[in-house]
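A look at the structure
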Amino acid sequence: MAALAGQPVDRTPVCCPTSVATVELMDLVDAPFPDANRQAAPMARLAATAHTILGFDSVMPVFSIIQESSALGCKMQWEGKDNWPTVRMSEPIWDSVDDIYIPNDLTSHPDTQCVLDAIKLLREELGPDVAIIGKTMGPWSLAYHCFGVEKFLLLSLDDPEATKAILEKLKKVTIDFGIAQVEAGVDALTLPDHATGDLVSGEYYQRYLRDLHIEFAERIPCPLILHICGRTVDRMGFISETGMAAFHYDSKNAPEESMQTVEGRIALVGNINNPETLFSKGPEDVKAEVFANLDAGVQMIGPECAVPLQTSIANLRAIPEAVREWHAAH
Amino acid sequence: MAELSDIQNQTIQDEIEEYLERADEIERFTELFARVKPAMQDIAAAIIEGDDDEVDALTAKALENGIDAIEIMDDGLIAGMGIVGIKFRENFVFVPEVLSCARAMRAGMAHIEPILSASGIESQGKVIMGTVKGDLHDIGKNLCIMMLRGSGFEVIDLGVDVAEDTFIDAVEESGAKVLGMSALLTTTMPNMGRTIEAFIDADVRDDVLIMVGGAPVTQEFSDDMGADGYGADALSCVAMAKELIASAA
């Protein structure tokens, strides 16, 4: 928490703002997908492994990005143990801003309530020394789920005012679910909002999202960690103006370049590569990426995004091991 | 050698000057647009600007004026998408702009395709595309399909969450020589390799050349799973499809 507050720390924390759930961990605590995405007890058991088995300094009970979308009525594909659940974005539920309907019981829907219950279970089990990070999705990501990616992206070009109206309406979901998680006991929240460099420009982030993200930082009463995948250096300057505590960044951005871009205005979390390193290589390669982040002054270390479900425990444990080794040597 | 000033359409001149950086591409597009009719330059400019109404009107007018459908497709629509592809590759434009240009392309092709079908003119080749089993993401695949169609390929889109058998059946039924698989998730990426193994197990691997792509997919991963080609983006996908079609001929 000190790292999120920009205060001095004894050791750089190891953090999982998205997900470190794996099939191996599911087996160890008998908490497989999809149960661990829909029921509080297995959700909490699987989340706790980030600390109890992997040695991370935080836990994250939300392993995917679909809990709110399910509560909003999106068509879901829950999948099995070896895959993440996904929204069927080719079957969007809304066509225009007028269609948006946010139910009053959004945070008591079974797929959101289970998150709140899991947070309470984790707080009881882990006590105050492990940071519990929750997750509340940003309006840009929610719009992909509810309107379809292509339709929403085309709308953003054709009708900026309608796009802003959609985001303005959807922000209630982000705020309400975020506050509900704070009340349930989280220490911080990840806020994924996929205005990724693979899809839209940095100017888009500034035009559509920066002000909303400033509002989230003001209205949600806990430190926020913004997560955007892909190449994001072109928007890190805008992101650093939001007042959020940290930015969870992707390995497509070099640590030093990223640190120079944000100029200390926001902490960085990341950015160990998933597909090529954590999934495909060994602990020594993982450690090399951890060292590169620490050398650059990155404030919290963790995977760049939700880790592949087949990632080995040995590779994930290499992250906190590397952090300890680096500090021992410095 | 043609000069920029040989191109009549100011938008095309500006686009080449402002966005093209590689000498070979500047030369190729300058030569191309200096050669083609002003009406084709206008269509290409409307494609680049993502103006579907304008492309619709200009394509209809060009056909009325007796310009050949193939000429309109090659010198207007495809030429315009060529510039769009380069701007996308170089991050001058992003997905919303490309989607808009692809919509404009479709407006033009709506006039051209019936004529081509009736005349029996062959496409650049037939390509099957799909997102692998367990993965519902299709934006990358759809961009590739738009660029492939914009480059004159016939594309069979199998959609998302495509099972191994569905890929095999599609290849066997269509006779397509190239198959493209996409995945966005690290959990579904290995299903590309499983699909390739299914082709081997069914003894039909030699019937098709397989290319792969998607945000987490790399050249190394592509090589490891035994794919024939990898594309990092939609433009690379088109180049790879051309290369594979040529090697299959």
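Computed from a predicted model, the values in this text were never measured in an experiment.

This next bit is on the overall build of chain A. On a plain count of helices and strands, chain A comes out with 14 helices and 9 strands. Taking 2.2 N^0.38 as the reference for a compact globule, 330 residues should give roughly 20 Å; the C-alpha atoms of chain A span a radius of gyration of 18 Å, in line with that estimate. Its C-alpha atoms give chain A principal-axis dimensions of about 60 × 45 × 35 Å. Within chain A, buried positions represent 57% of all 330 residues. Sequence separation of at least 24 residues holds for 73% of the intrachain contacts in chain A that already meet a minimum separation of 6.

A common way to report how large an interface is uses the accessible area buried once the components associate. Residues and elements named next belong to chain B. Here chain B is partitioned into domain 1 (9–119) and domain 2 (126–248). For domain 1 versus domain 2, the separation of C-alpha centres amounts to 26 Å. Listed by partner, the interface residues are 11 residues for domain 1 and 10 residues for domain 2. When residues of the side of domain 1 that touches domain 2 are traced back to their parent elements, those giving at least two are α5 (69–89) and α6 (95–119). Of the residues belonging to the side of domain 1 that touches domain 2, the class tally is 9 nonpolar, 1 polar and 1 charged.

The nonpolar side chains of a soluble globular protein tend to be buried, and buried together. Core analysis: the biggest nonpolar cluster contains 200 residues, and A246(A), I43(B) and I47(B) have the highest contact counts within it. It is α5(B) that provides the largest number of residues to this core, a total of 11 residues. Looking at which domains feed residues into this core, each of domain 1 (9–119) and domain 2 (126–248) of chain B gives three or more.

For the rest of this paragraph, the subject is the sheet that holds strand β4 (residues 131–135) of chain A. All names here are of chain A. One open sheet accounts for 7 strands, arranged β1-β4-β5-β6-β7-β8-β9; its pairing is parallel. Across the chains shown, the open sheet's two edge strands, defined by having one partner strand only, are β1 (58–59) and β9 (300–303). As paired elements, strand β6 (residues 224–227) and strand β7 (residues 246–249) share 3 bridges and run parallel to each other. Counted as the bridge partner of L226 is F247 from β7.

A word on unusual backbone geometry. With glycine set apart, most residues show a phi of negative sign, and most peptide bonds adopt trans. The peptide bond linking F33(A) to P34(A) adopts the cis configuration, its omega dihedral lying at 0°. Even without glycine at this site, E79(A) takes up a positive phi of about 60°. Tracing the backbone through its elements, the reader meets E79(A) in the loop between β2 (76–77) and β3 (86–87). Despite not being glycine, N91(B) has its phi angle at roughly 65°, a positive value. Structurally, N91(B) is set in the loop between α5 and α6.

What follows covers the pairing of strand β5 (residues 188–192) of chain A. All names here are of chain A. Within β5, 5 of the 5 residues are buried, which leaves it mostly tucked inside the rest of the structure. Side chains A188, T190 and P192 project from β5 onto one buried face, and the interleaved L189 and L191 project onto a second face that is buried too. Pairing between β4 and β5: 3 bridges, direction parallel. Within β5, the residue paired with G134 across the bridge is L189. Bridging between β5 and β6 involves 4 bridges; their strand directions are parallel. Note that in β6 the partner of L189 across the bridge is L224. Regarding topology, helix α9 (residues 202–219) serves as the crossover connection from β5 to the parallel β6, and that connection is right-handed.

Residues and elements named next belong to chain A. The buried fraction of strand β8 (residues 267–272) is high, at 6 of 6 residues. Two elements, β7 and β8, share 4 bridges in a ladder whose sense is parallel. The partner of A246 across the bridge, within β8, is A267. Read as a crossover between parallel neighbours, the route from β7 over helix α11 (residues 255–262) to β8 is right-handed. Note: β8 against β9, 4 bridges, orientation parallel.

Take the environment of S108(A) next. All names here are of chain A. When you line up the elements, S108 lands in the loop between β3 and α5 (110–126). S108 gets classed as exposed once you count the C-beta atoms within 10 Å, which come to 12. Measuring from C-alpha to C-alpha, the distance between S108 and A162 comes to 29 Å, with 54 residues separating the pair along the chain.

With that settled, consider α5(A). Residue and element names in this part refer to chain A. Between the first and last C-alpha of α5 there are 24 Å, a value that for 17 residues agrees with the 24 Å anticipated at 1.5 Å per step. Buried within α5 we find T112, C114, V115, L116, A118, I119 and L122. Of the surrounding secondary structure, the elements contacted by the buried residues of α5 are α2 (35–38), α3 (40–52), β1, α4 (67–72), β4 and α8 (160–184). G127 lies just past α5 and shows a positive phi near 70°.

What counts as what
- Residues numbered from 1 in each chain as written.
- Chains lettered and ligands numbered in written order.
- Predicted model: local features only at pLDDT ≥ 70, side-chain atom pairs only at ≥ 80, totals over all residues.
- Helix = DSSP H or I, 4+ residues; strand = E, 2+ residues; numbered from the N terminus.
- Rg over C-alpha atoms; globule rule 2.2 N^0.38 Å.
- Buried ≥ 20, exposed ≤ 12 C-beta atoms within 10 Å, placed from the backbone.
- Contact = placed C-beta atoms within 7 Å.
- Domains from an automatic or database assignment.
- Nonpolar A, V, L, I, M, F, W, Y, C, P; charged D, E, K, R; others polar.
- Core = buried A, V, L, I, M, F, W, Y, C linked by C-beta atoms within 7 Å.
- Pairing = 2+ DSSP bridges.
- Right-handed = clockwise from strand over helix to strand, strands pointing away.
- Expected span 1.5 Å × (residues − 1).

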